[in-house]
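If you want the building blocks of each chain, they are given just below.
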Amino acid sequence: PVETWYHRIADQHIEYVTIKTADTKLSLSPNHLLPLINCDQVQSMSSNGLGQLVNHHSKFASRATVGQCVIVHQNGQFVAAPIERVDRETKEGIYSPITSQGTLVVDGVHVSCFTTLENHWAQHTLHSFIMEMYRVFERFTGVTAADMNEFMDIPVPMKIAMSLANLIMPESMY
């Protein structure tokens, strides 16, 4: 289930990266993370192997190239699917749900929930900590993370955490 949202803005126009495989088409913001792998690495995988791929091979969508593979959900299992085309297009609306697992399947493609910092593991760890802080805050105030997202784009604690993460792990490290 969705725990919170980074973005949920219906009327904003942004440039998206559209990734097409033989059977799927997915549009993401350029800084959205998804596993981009060498197609020879894996054809199908267990859920355990999937977690490792997401942690170690997630890159910004803007880095996707023809010939790399994305992970798709087909016939009840996750398999590698070669990217056949990468386009850019402007679309209206930006939505970025965050799940407790830090991943979700969008249009049949397995993606990270995260953006901004090109490190899925670091963001998922940070998000888990922040959600625990929200739960503590909720116990004292009754205000939930979902309530906070009703009146702000990116919750302030997330903005602060992402700034700190960029200081701790500068882009040059990955």
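See the structure shown above.
Criteria and thresholds
- Throughout this description, residue numbers start from 1 for each chain and increase along the sequence as written.
- Restriction of local features to residues with pLDDT of at least 70 applies here, the model being predicted, together with a cutoff of 80 or more for giving and counting side-chain atom pairs; totals for whole chains, interfaces and linings are based on all residues.
- Just so you know, side-chain values use all the structure's heavy atoms and leave hydrogens and water out.
- In this description, a disulfide is simply a cysteine sulfur pair whose atoms lie within 2.5 Å.
- Secondary structure elements are defined from DSSP: runs of H or I of at least 4 residues count as helices, runs of E of at least 2 residues count as strands, and each element is numbered from the N terminus.
- Think of a 1 Å grid over the protein atoms and nothing else: a 1.4 Å probe that fits but is trapped marks a cavity, an open set flanked by protein within 12 Å on at least five of seven lines marks a pocket, and residues with an atom within 4 Å of a point count as lining.
- Grid points are joined across faces, edges and corners, and a volume is the space filled by probe spheres set on the points.
- Under the scheme applied here, ten amino acids are nonpolar (Ala, Val, Leu, Ile, Met, Phe, Trp, Tyr, Cys and Pro), four are charged (Asp, Glu, Lys and Arg), and all others, including Gly, are polar.
- Expected span, for any helix, means 1.5 Å times one less than how many residues it has.
- Partly exposed describes any residue whose relative accessible area lies between the buried limit of under 20% and the exposed limit of over 50%, with all areas from a 1.4 Å probe on protein chains only and scaled to the type maximum.
- By definition, the arc is the one covered by directions from the helix axis to the C-beta atoms.
- Polar contacts, as used here, are pairs of N or O atoms within 3.5 Å; protein pairs need one atom able to donate a hydrogen and one able to accept it. Residues neighboring in sequence count only if both atoms are side-chain atoms.

Bringing the state of the cysteines into the picture now. Considering all chains together, one arrives at one disulfide under this definition. Between the sulfur of Cys-39 and that of Cys-69 lies a disulfide, 2.0 Å long from S to S. The sign of the S-S torsion, about 110°, decides the handedness of the disulfide formed by Cys-39 and Cys-69: right-handed. Residue Cys-39 is located in the loop between strand S3 (33-35) and strand S4 (44-45), and its partner Cys-69 is located in strand S6 (residues 69-74); the two are separated by 30 residues in the primary sequence.

Here we take up the layout of surface pockets. Here the largest pocket is characterised by a volume of approximately 310 Å³. The wall of the largest pocket is formed by 21 residues, among which Ser-27, Leu-28, His-32, Tyr-95 and Val-106 lie closest to the centre. Those elements that provide at least two residues to the lining of the largest pocket are strand S1 (2-20), strand S2 (25-28), strand S8 (85-99), strand S9 (103-106) and strand S10 (109-112). Examining the composition of the lining of the largest pocket, we find that seven residues originate from one element, S8, more than from any other. Here the lining of the largest pocket is built from residues that sort into nine nonpolar, eight polar and four charged.

If you check helix H2 (residues 120-141), its first and last C-alpha atoms are 30 Å apart, about what 22 residues at 1.5 Å a residue would give, namely 32 Å. Every buried residue of H2 is accounted for by His-120, Ala-122, Gln-123, His-127, Ile-130, Met-131 and Tyr-134. One face of H2 carries all of its buried residues, which in axial projection span an arc of 160°. In H2, those exposed residues whose orientation departs by more than 90 degrees from the buried face are Trp-121, Phe-129, Arg-139 and Phe-140. The N-cap residue of H2 is Asn-119: its side-chain oxygen and the backbone nitrogen of Trp-121 are 3.2 Å apart. Within two residues after H2, Gly-142 carries a phi angle of roughly 80°, on the positive side.

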